[in-house]
Amino acid sequence: MSDLPTELVPLRPEQRDVVDLARAFAREEIRPRARAVDEADVETPWDLWRKAAEVGITGFMLPEEYGVGGFTDVLTQCLVQEELCVGDLGIGNLLCSNGFFADPVLELGTKEQKREWLTPLSGPDTPMTALATTEPGAGSDAASIVTAAHRTAGGYRLRGQKAWISNAGEAEHYVVFAKTDPTRRSRGVSAFLLRKGTEGMTFGEPMRKMGQRAIVCREIFFEDAFVPEEHRLGAEGEGFAGLMRTFDISRTVLGAAATGVARAAYEYARDYARERRQFGKPVIEHQAVAFRLADMRTRVEQARLMTWRAARRLDAGLEASAEAAMAKLTASETAAFCTWAAVQTLGGWGYSREFPVEQWMRDAKLEEIEEGTSDIMRLVSARSL
């Protein structure tokens with residue numbers, strides 16, 4: 001695994017330490033388990049989750065005051081995410097999923113809510129968490145959700161359905177977005193904190209997926225599930241604004257994840273081309289292959305730098321919705337290209353399940369879909385023109 005080009009962004013010693021930790025964990029724990037996790041299909045790799053929790057990876061991105069890592073800057077989160085996803089994209093995304101749960105809590109929550117819901121995410125026994133937005137009829141257009149939160153004595157009753165929710169059924173804590181005023185579209189969206197086991201909250205069977213199988217997805221059904229008023233995040237109608245801020249961060253971090261799998265594909269294809277001989281010379285000396293590898297490396301560097309730019313803008317408190325969208329767009333399409341190119345470079349062996357590149361090609365597709373499809377990312381980017 002190659003070094004990150006940090007000459008433009010010098011790392012503090014503590015940043016270097018957490019990046020080195022993520023790299024070693026990816027090499028020693030994630031990559032050796034990746035194929036078995038993919039084959040298991042709908043089973044959460046709890047052994048990896050617990051090992052990651054023990055060394056502090058599952059909570060590294062949360063504020064230090066809650067007993068966890070303290071790397072709240074988006075750039076460090078991107079550095080770590082890329083390293084983990086060089087090991088395996090789905091597993092890397094799984095191990096950092098508590099950060100996606102924490103973002104709206106940090107954005108909208110009270111001091112008491114942050115303490116109650118984030119403090120348990122430290123230590124070796126950290127629970128898994130989930131963010132529930134997507135519905136059967138509402139994906140990238142989050143303002144069109146129809147899950148409803150009706151006021152009742154002491155709180156709300158939730159009724160509706162969520163789909164494709166990562167960690168659903170596995171997670172203990174959930175942030176759920178629902179409409180408190182269906183007439184106001186985005187301004188009618190509110191956010192709520194729920195625990196697994198809430199009466200009226202049930203889960204569907206695991207959904208069988210093309211890739212990133214380390215993350216179990218299910219539907220969630222709400223049938224008058226009661227949520228106390230003190231578990232609402234922010235005021236009524238503030239949920240969508242908090243979600244959009246969460247998307248800016250999550251899209252940037254997913255840009256780093258996509259860069260990680262693209263880098264893994266490039267490095268694997270490069271090493272294979274150096275060792276494999278065809279027509280009397282190493283494959284890498286054939287011009288078509290060399291040019292393809294050059295394209296892969298160039299795109300990886302582009303994706304990384306665009307991701308870092310979005311991260312630096314977020315850390316500086318600047319508007320970064322367009323930059324986050326462009327980073328995710330570029331990185332996700334880079335991942336799709338590089339994993340395809342790796343399969344192409346390995347030829348028939350790339351098509352075989354004996355080698356990881358075919359799995360990476362399947363895994364990479366989700367990056368062009370989740371947290372806003374590539375089409376939506378282009379629309380977000382175009383608004384800044």
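These notes cover the structure that comes with them.

Here is what the cut-offs are and how they apply
The residue count restarts for each chain, going from 1 along the sequence in the order it is written. It should be noted that, the model being predicted, local features are given only for residues of pLDDT at least 70 and side-chain atom pairs only at 80 or more, the latter also being counted only at that level, while totals for whole chains, interfaces and linings use all residues. Side-chain metrics rest on all non-hydrogen atoms present in the structure, leaving aside hydrogens and water. Strands here are runs of E lasting at least two residues and helices are runs of H or I lasting at least four, both read from the DSSP assignment and numbered beginning at the N terminus. Working definition: with a 1.4 Å probe on protein chains only, accessible area under 20% of the residue-type maximum means buried, over 50% means exposed, and in between means partly exposed. Note on definitions: a residue-residue contact is assigned when non-hydrogen atoms from the two residues lie within 4.5 Å. Areas reported here follow the Shrake-Rupley algorithm with a probe of radius 1.4 Å; residue values treat only the protein chains shown as occluding. A positive count includes Lys and Arg, and a negative count includes Asp and Glu. His and the chain ends are not counted in either. Charge coordinates come from a single atom per side chain, which is NZ of Lys, CZ of Arg, CG of Asp or CD of Glu. In this analysis the probe radius is 1.4 Å and the grid spacing 1 Å, with only protein atoms considered; a cavity is a set of points the probe fits into but cannot get out of, a pocket is an open set with protein on both sides within 12 Å along at least five of seven lines, and lining residues have an atom within 4 Å of a point. Grid points are joined across faces, edges and corners, and a volume is the space filled by probe spheres set on the points. Each residue is assigned to one of three groups, with Ala, Val, Leu, Ile, Met, Phe, Trp, Tyr, Cys and Pro labelled nonpolar, Asp, Glu, Lys and Arg labelled charged, and all others, Gly among them, labelled polar. This arc is taken over the directions from the axis of the helix to the C-beta atoms. Two N or O atoms count as a polar contact when they lie within 3.5 Å, although within protein this holds only if one can serve as hydrogen donor and the other as acceptor, and sequence-adjacent residues are included solely when both atoms are side-chain atoms. The set of buried Ala, Val, Leu, Ile, Met, Phe, Trp, Tyr and Cys residues whose side-chain atoms join them within 4.5 Å is what this entry labels a nonpolar core. Two cysteine sulfurs form a disulfide in these notes if their separation is within 2.5 Å.

**Here we look at the overall build of the chain**
The helix and strand tally for the chain stands at 12 helices and 10 strands. Structurally, the chain occupies a C-alpha span of about 80 × 45 × 40 Å along its principal axes. Buried positions account for 57% of the 385 residues belonging to the chain. The long-range fraction of contacts in the chain, counting pairs at least 24 apart against all pairs at least 6 apart in sequence, stands at 73%. On the chain, roughly 16,300 Å² of surface is accessible, and the fraction owed to carbon and sulfur atoms is 50%. Here the chain holds 48 positive side-chain charges and 57 negative ones, and the gap between their average locations is 4 Å.

**Details of the layout of surface pockets**
The calculated volume of the largest pocket comes to roughly 850 Å³. Along the wall of the largest pocket there are 34 residues; nearest its centre are Thr134, Trp164, Ser166, Glu370 and Glu371. Residue assignment for the lining of the largest pocket shows that the elements contributing at least two residues are α4 (89-95), α5 (97-108), β1 (129-132), β3 (155-166), α7 (239-275) and α11 (357-365). Along the lines of polarity and charge, the residues of the lining of the largest pocket split into 14 nonpolar, 13 polar and seven charged. As a volume, the second largest pocket reaches approximately 360 Å³. Put simply, the parts of the chain that give the lining of the second largest pocket at least two residues each are α7, α9 (321-346) and α12 (374-382). Broken down by element, the lining of the second largest pocket gets its largest block of residues, five residues, from α7. For the lining of the second largest pocket, a count of residues per class yields nine nonpolar, three polar and six charged.

**Notes on unusual backbone geometry**
Here the phi dihedral of Gln212 falls at roughly 45°; this positive angle occurs in a residue that is not glycine. You can see Gln212 is positioned in the loop between β6 (201-203) and β7 (217-228). A positive phi is found at Asp224, a non-glycine position, where the angle reads about 60°.

**A look at helix α2 (residues 46-55)**
All of the buried residues along α2 are Leu48, Trp49, Ala52 and Ala53. Each buried residue of α2 lies within a common arc of 135° when the element is viewed along its axis, so the set occupies one face. A positive backbone phi angle near 95° is found at Gly56, which sits one or two residues after α2.

**Section: the side chain of Thr147**
If you trace the backbone, Thr147 turns up in the loop between β1 and β2 (148-152). In this structure the side chain of Thr147 is engaged in a polar contact, spanning 2.7 Å, whose partner is the side chain of Glu135.

**Regarding the nonpolar core**
Leu158 and Val175 are the most contacted members of the largest nonpolar core, which totals 82 residues. The leading source of residues in this core is helix α1 (residues 13-40), at eight residues. Setting aside residues no more than four positions away along its own chain, Val175 makes contact with Phe101, Pro104, Val105, Ala130, Leu131, Ala132, Ala191, Phe192, Leu193 and Leu233.

**Considering the state of the cysteines**
Counted under the stated rule, the structure contains zero disulfides. Looking at Cys78, it has no disulfide partner, and the nearest cysteine sulfur is the one in Cys96, 10 Å off. Residue Cys78 is classed as buried on the basis of its relative accessible area of 0%. Cysteine Cys96 is unpaired, with the sulfur of Cys85 as its nearest cysteine sulfur at 7.1 Å.

**Description of empty space enclosed by the protein**
If a probe the size of a water molecule is rolled over the atoms, the empty space left behind becomes visible. Per the stated rule, a full pass over the model turns up two cavities of 30 Å³ or more. Put simply, the largest cavity is a space of about 60 Å³. Along its surface, the largest cavity is lined by Phe60, Met61, Gln77, Gln81, Cys96, Gly99, Phe100, Asp103 and Val253. The greatest single-element share of the lining of the largest cavity, amounting to three residues, is contributed by α5. Grouping the amino acids of the lining of the largest cavity by side-chain chemistry returns five nonpolar, three polar and one charged. In this structure, the second largest cavity spans a volume of roughly 40 Å³. Contributing to the lining of the second largest cavity are Ala34, Val37, Asp38, Asp88, Gly90, Gln212, Arg213, Ala214, Gln359 and Asp363. Those elements giving two or more residues to the lining of the second largest cavity turn out to be α1 and α11.

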